[in-house]
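Here is how the chains run, residue by residue.
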Amino acid sequence: MDKKVTVVGKNLKKHRKEKNLTQERLASRSGYHRTYISALERGRANPTVNTLANLSQQLGIQIHDLFDDTKRNG
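Residues numbered from 1 in each chain as written. Predicted model: local features only at pLDDT ≥ 70, side-chain atom pairs only at ≥ 80, totals over all residues. Heavy atoms only, no water.

Asks: So what's going on with the overall build of the chain? Which residues, and what values?
Replies: A count of helices and strands for the chain gives 4 helices and 0 strands. Reading the chain from its N end, one meets helices and strands in the order α-α-α-α. Scaling as 2.2 N^0.38, a compact globule of 74 residues should have a C-alpha radius of gyration of about 11 Å, and the chain matches this with 11 Å. In terms of overall dimensions, the chain has a C-alpha envelope of 30 × 25 × 20 Å along the principal axes. (Helix = DSSP H or I, 4+ residues; strand = E, 2+ residues; numbered from the N terminus. Rg over C-alpha atoms; globule rule 2.2 N^0.38 Å.)

Below, the structure is given as structure tokens:
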């Protein structure tokens, strides 16, 4: 599994939960299927730049926030 894909997935899940969104709700907002959102979060799918731009817009974050692999406490 590609490290960047895993980082993107973990960050996607983190930001989604911070916004109190379910996978189903994010899927509905972004136009993707819930299983695709799940696959992204688990690092099982490799999203396009357009997909990342769409998801970051729906989450109200910058696209680069999905690539942040700094380890933070808390």
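Asks: Tell me about the nonpolar core, and name the residues and values.
Replies: Core analysis: the biggest nonpolar cluster contains 14 residues, and Leu12, Leu26, Ile37, Leu40, Leu55, Leu59 and Leu66 have the highest contact counts within it. Elements with a minimum of two residues in this core: α1 (3-18), α2 (23-30), α3 (34-41) and α4 (49-59). Residues in contact with Leu40, not counting those within four places in the same chain, are Val5, Gly9, Leu12, Ala45, Pro47, Thr51 and Leu55. (Core = buried A, V, L, I, M, F, W, Y, C linked by side-chain atoms within 4.5 Å. Buried < 20%, exposed > 50% of the residue type's maximum accessible area, 1.4 Å probe, protein only. Contact = heavy atoms within 4.5 Å.)

Asks: Mind laying out α4, listing which residues take part and the relevant values?
Replies: Among the residues making up α4, those that are buried are Thr51, Leu52, Asn54, Leu55, Ser56 and Leu59. Contacts from the buried residues of α4 go to α1, α2 and α3. At the exit of α4 stands Gly60, carrying a positive phi of roughly 70°.

Asks: Just give me the short version of α3, but keep the residues and values in it.
Replies: Listed in full, the buried residues belonging to α3 are Ile37, Ser38, Ala39, Leu40 and Glu41. Elements that come into contact with the buried residues of α3 comprise α1, α2 and α4. Taken from the residues just after α3, Gly43 is the one with a positive phi, measuring 75°.

Asks: Which residues make up the packing of α2 against α3, and what values do they have?
Replies: Look at α2 against α3: their axes get within 8 Å of each other, and the N-to-C directions meet at 110°. Taken together, α2 and α3 sit at an angle that is classed as roughly perpendicular. α2 and α3 meet at a crossing whose hand is right-handed. Within the contact between the two elements, α2 uses Gln23, Glu24, Leu26, Ala27 and Ser30 and α3 uses Arg34, Ile37, Ser38 and Glu41. A breakdown of the residues in the contact of α2 with α3 according to their chemical character gives 3 nonpolar, 3 polar and 3 charged. (Axes fitted to C-alpha atoms, helices over the stretch in contact; angles between N-to-C directions. Parallel < 35°, antiparallel > 145°, perpendicular 65-115°, else oblique. Left-handed = near helix turned anticlockwise from the far one by under 90°. Nonpolar A, V, L, I, M, F, W, Y, C, P; charged D, E, K, R; others polar.)

Asks: So what's going on with the pattern of salt bridges? Which residues, and what values?
Replies: Within this structure, the stated rule accounts for 1 salt bridge. Close ionic contact of Glu41 with Arg16 constitutes a salt bridge, the shortest N to O distance being 2.5 Å. Here the residue Glu41 occupies a position in helix α3, and Arg16 occupies one in helix α1, the gap between them amounting to 25 residues. One exposure class covers both Glu41 and Arg16, and it is buried. (Salt bridge = Lys/Arg side-chain N within 4 Å of Asp/Glu carboxyl O.)

Purely geometric numbers; function is a separate question.
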